[in-house]
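Below, each chain spelled out in residue letters.
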Amino acid sequence: MNLKSKDLLGLRDITAEEIEYILNTAKTMKYIITTNNKKTAHLQGKSVITLFYENSTRTRLSFELASKYMGANAANISASGSSVQKGESLIDTGKTIDSMGSDVIIIRHPMSGAPHLLAQNVKSSVINAGDGMNEHPTQALLDMFTMVEKKGSLKGLKVAIVGDILHSRVARSNIWGLTKMGAEVNIAGPATLIPPGIEKLGVNVFSTVQEALLDADVVMGLRIQLERQKKGLFPSIREYSRFFGLDDKRLKLAREDAIVMHPGPVNRGVELSSMVMDGDQSTINEQVTNGVAIRMALLYLLTRRGTANEVID
């Protein structure tokens, strides 16, 4: 099969079959990055551009390493060091990059929908690396890949997502992806950080962490996004941690073999206690490794659309 679109803009608009195809392809890619020779020719002759209008460590570096491991010509553009500072529009920036022969443009932008606008105006494949409070599809894919590795399947899995749901593009992409793959999703957080009507997406909404964690197979904490918030959504960081932070006592409400996840960066002692973050159930560092594998898989699949394409051996 092939991915239906030339772009990956979100998990809302792709099928469960496409998600499974990406996850299966990532298995081979992970094998490559865990060997001593991390160099392949899968993207030889291809050009991959990262265009970031927001700061990033994990996502940006992950895409850059994915590109280089597969032999692509990779370049980075940050808004602070580009013609954006001179007033150039997103469309004009995209067309300039496109005219230089790029094959893939990876964009992170503070405005929801920016990747969709870019994709409509360039020939290159566009990958959404996070747009405003909308989606972060590659993060959700690497999260699901980690769950499959640890639990074998997503179908029937009970996943608890706790924290700042309102501002989290990671939560939205995970909800779209997990529900399509047959998982049960529980969410919890301060009432002011729960989007109105989110239960319509097929999730269970709880007012306490304890209810959301009960018998969960996967526990995912989310970063408190103070940079996106208006003041007054909760009294203080200390009080948030007291009522919604994940510690070893609350974790015992989940299944004994539950795994702990977080998209990073983690505010230690706020979303997760150090004991939970560094404990045996934590998969946070494995998520980082799996992020490179997922992004390698996407680059491989998007640059081979229109060809007879099978999951590589």
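What you see is a predicted model, and the numbers here were worked out from it, not measured in a lab. (Residues numbered from 1 in each chain as written. Predicted model: local features only at pLDDT ≥ 70, side-chain atom pairs only at ≥ 80, totals over all residues. Heavy atoms only, no water.)

Some thoughts on the UniProt feature "binding site: carbamoyl phosphate" (unreviewed entry) in the protein chain
Item 1. The sites that carry the UniProt feature "binding site: carbamoyl phosphate" (unreviewed entry) are, in the present numbering, Arg58, Thr59, Arg108, His136, Gln139, Gly264 and Pro265. Considering only the residues just annotated, the largest pocket is lined by Arg58, Thr59, Arg108, His136, Gln139, Gly264 and Pro265.
Item 2. Among the secondary structure elements, His136 is positioned in the loop between β4 (125-131) and α5 (137-151).
Item 3. The exposure class of His136 is buried, given its relative accessible area of 4%.
Item 4. Beyond its immediate chain neighbours, meaning those up to four positions away, His136 contacts Thr59, Arg108, Ala129, Gly130, Arg169, Val170, Ser173 and Arg295.
Item 5. Here Pro265 lies in the loop between β9 (259-261) and α10 (274-277).
Item 6. Take Pro265: its relative accessible area is 41%, and that puts it in the partly exposed class.
Item 7. Sequence-distant contacts of Pro265, defined by excluding residues within four places in its chain, comprise Arg58, Arg223 and Glu271. (UniProt positions renumbered as here; feature names shortened; annotations may be inferred. 1 Å grid on protein atoms, 1.4 Å probe; cavity = no way out; pocket = protein on both sides within 12 Å on 5 of 7 lines; lining within 4 Å. Helix = DSSP H or I, 4+ residues; strand = E, 2+ residues; numbered from the N terminus. Buried < 20%, exposed > 50% of the residue type's maximum accessible area, 1.4 Å probe, protein only. Contact = heavy atoms within 4.5 Å.)

Overview of the sheet that holds β9
The strands that make up a sheet pair up through hydrogen bonds in the backbone, lying either parallel or antiparallel.
Item 1. Strands sit in the order β7-β6-β5-β8-β9 across an open sheet of five strands; the sheet is parallel. Both outer strands of the open sheet, β7 (204-206) and β9, are each paired with one neighbouring strand and no more. On average, adjacent strands in this sheet sit at an angle of 20° to one another, irrespective of strand direction. (Pairing = 2+ DSSP bridges. Axes fitted to C-alpha atoms, helices over the stretch in contact; angles between N-to-C directions.)

Concerning the packing of aromatic side chains
Given two aromatic rings, one states the distance between the centres and the angle between the planes to describe the pair.
Item 1. Taken as a whole, this structure holds one aromatic pair when the rule is applied.
Item 2. One residue, Arg295, lies across the ring of Phe63, its end atom 5.1 Å from the ring centre. (Phe/Tyr/Trp six-rings, centres within 6.5 Å; stacked < 30°, edge-to-face > 60°. Lys NZ or Arg CZ within 6 Å of the ring centre and 35° of its normal.)

Remarks on the pattern of salt bridges
Item 1. Taken as a whole and assessed by the stated rule, the structure comprises eight salt bridges.
Item 2. The salt bridge involving Glu54 is made with Arg169; its shortest N-O contact spans 3.1 Å. A residue pair is termed long-range when its members are at least 10 positions apart, and Glu54 in the loop between β1 (47-52) and α2 (58-69) and Arg169 in helix α6 (residues 169-180) qualify at 115 residues.
Item 3. Judged by its relative accessible area of 8%, Arg169 is buried. (Salt bridge = Lys/Arg side-chain N within 4 Å of Asp/Glu carboxyl O.)

Digging into the environment of Asn73
Item 1. One can find Asn73 in strand β2 (residues 73-78).
Item 2. Measuring from C-alpha to C-alpha, the distance between Asn73 and Lys46 comes to 6.1 Å, with 27 residues separating the pair along the chain.

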